[in-house]
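# Descriptive analysis of the structure
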Amino acid sequence: MNIGKLYLNGKWESGEGVMSVENPATGEIFARVCIVSRRRLRVALEDAQKALPGWRARTAADRGSLLRRVADALDTRAEAIARIITRENGKPLAESRGEVAVAADHFRWFAEEGRRAYGRIVPPQVAGKRHFIIKQPVGVVGAISPWNFPLVLAARKAAPALAAGCPVVLKPASAAPLCALELARAVETAGLPAGVFQVAAGKADELGAEMLENAICRKITFTGSTEVGKKLIAGAATNVTKLSLELGGHAPVLVFDDAAPALAVTGTLWSKFRNSGQSCIAANRVYVQRGIYGGFVRALTGAVKKLRVGDGLAGAVDVGPLISEAGLNTALAHIQDALNRGAKLAAGGRRWGKRGWFLEPTLLLDVPHDALCMTQETFGPVMPVCRFADESEGIARANTSEYGLAAYVFTTSLNRAWRVAEALEAGTIGINDAVPSTSNCPFGGLKQSGWGRELGREGLDAFLETKHVSLGGVDG
């Protein structure tokens, strides 16, 4: 079994230890990856700092040209990378192929957006002065990516930081680190200078502490749980480290009486079961207006029962395994809790197969509002459904969560779409759209779902400092 080396300062290194990578479809170890200590990460940050002057001095057009080459390199190995994603994450191969395509699109978007890091000239209020506002790179960035979208969320952090002129040290999730190495290969193929992009796998608490306490690391960008995000917020006080945080979600779905039935069923289905429900923007609570509740539930039950479960590499599969046995057990506990509180089981509810971490796609009806799955992020293929009376009640129910990352609405009324979108407390609202995220629009959460935005113009600005230059003594 080959051991994946880490990409550090333009070279492939063995690191200082090894961790195992498990295939969640089988429960078997299929790869090993080198890891580094906090001491070695410190060296990587120092190398990134040395690379900073040269990288930020390049024109945005030059940096963009290199980022487009990264995208091209990802495209060249797209099928091989997609199979790696499926082996380490478990998602169906078709979804993995889509993830590679989106990651490449992120690099192409920011390759162009980097050229639009505009400053401005401000009219003076005092004679003899001129005011300039300029944008400059934040500096060295520590990026911490999760396992559920291991390539695309690494790209979502690296692409804008690199486009802005910031070197990046990426710490991938221990459960799915192989995609980060594939991204490093694409960077190497593209010819980015040594130290501009590095991959340092290892223990999250140790490497995270170094990023927080090392003054070289001027910014940390993180996707993960709200619990860990709060620890980063507290730790950032040491050096007043800048943070971008994409944290937990508990997305509601509102299906109104006037929704297009087929679109609402299909959209609700895939907003929940994509990536086996292991998405921060996955639908976690489905509220259906009482006038269509019966018919909608019958159609949704039939659709859920048709979903095909299995190894993502096996072919025609809709739902793969959960990432771990712990994740499976949490989902099963949420199901049992809902049933104990009076919910009805319409589909699924049991472990699937004899190996791996599979769960039958599960549909729970008339779920009480105090059930665990209605208050906590299940992160699995479990869909709780309940009914609501009118628009005001639906909005109130949707906004009860402490999270505010995404929300979904199904309606054919344009007036209602505007009203509800403005009233919902979430950073992304999908109106008749189960997959609203895109490279050119900002993504991030309200409330305890995070700080800042990724993607879009805002995603680039997150890695830029704003500087005011006041020039006096200008003759009239």
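Residues numbered from 1 in each chain as written. Predicted model: local features only at pLDDT ≥ 70, side-chain atom pairs only at ≥ 80, totals over all residues. Heavy atoms only, no water.

## A word on helix H9 (residues 261-273)
Rules: Counting from the N terminus, the helices are DSSP H or I runs at least four residues long and the strands are E runs at least two residues long. By this rule, a helix spans an expected 1.5 Å times one less than how many residues it contains. To sort residues, take the accessible area from a 1.4 Å probe on protein chains only and compare it with the maximum for the residue type: under 20% means buried, over 50% means exposed, and anything in between is partly exposed. Residue contacts are defined here by distance: any two heavy atoms, one from each residue, within 4.5 Å place the two residues in contact.
If you check H9, its first and last C-alpha atoms are 18 Å apart, about what 13 residues at 1.5 Å a residue would give, namely 18 Å. Of all the positions in H9, only Ala-264, Val-265, Gly-267, Thr-268, Leu-269, Ser-271, Lys-272 and Phe-273 are classed as buried. The secondary structure elements touched by the buried residues of H9 are strand S13 (251-255), strand S14 (283-289), helix H10 (293-306), strand S18 (362-365), strand S19 (382-388) and strand S21 (406-410). Directly after H9, the chain includes Asn-275, whose backbone phi takes a positive value near 55°.

## Things to note about the nonpolar core
Under the convention used in this document: Side-chain atoms within 4.5 Å link the members of a nonpolar core, which is a set of buried Ala, Val, Leu, Ile, Met, Phe, Trp, Tyr and Cys residues.
Judged by nonpolar contacts, the single largest core of 121 residues is most densely connected at Phe-107, Leu-162, Phe-197 and Val-385. For this core, the element with the highest residue contribution is helix H5 (residues 152-164), accounting for 10 residues. If we ignore the near neighbours within four places in the chain, the residues touching Phe-107 are Leu-67, Val-70, Ala-71, Leu-74, Ala-155, Ala-158, Ala-159, Leu-162 and Leu-183. In this structure, Ala-343, Leu-364, Ile-395 and Ala-398 belong to the second largest nonpolar core, which totals 26 residues.

## Some details on the packing of aromatic side chains
We describe a pair of aromatic rings using the distance from one ring centre to the other and the angle between the two ring planes. Cut-off, in case you're wondering: Each Phe, Tyr or Trp ring, with Trp reduced to its six-membered ring, pairs with another whose centre is within 6.5 Å; inter-plane angles below 30 degrees give stacked pairs, above 60 give edge-to-face pairs, and intermediate values give tilted ones. Only when the NZ atom of a Lys or the CZ atom of an Arg is both within 6 Å of the ring centre and within 35 degrees of the ring normal do we say a charge sits over the ring.
Counted under the stated rule, the structure contains 5 aromatic pairs. Ring plane angle 75° and centroid distance 6.4 Å describe the contact between Trp-109 and Phe-110, whose orientation is recorded as edge-to-face. An angle of 65° between the planes, with centres 5.1 Å apart, marks the rings of Trp-352 and Phe-358 as edge-to-face. On the accessibility criterion, Trp-352 (34% relative accessible area) is partly exposed. Of the residues examined, Phe-358 reaches a relative accessible area of 2% and is grouped as buried. One residue, Arg-156, lies across the ring of Phe-443, its end atom 4.8 Å from the ring centre. One Lys or Arg, Arg-387, reaches over the ring of Tyr-293 and ends 3.8 Å from the middle of that ring.

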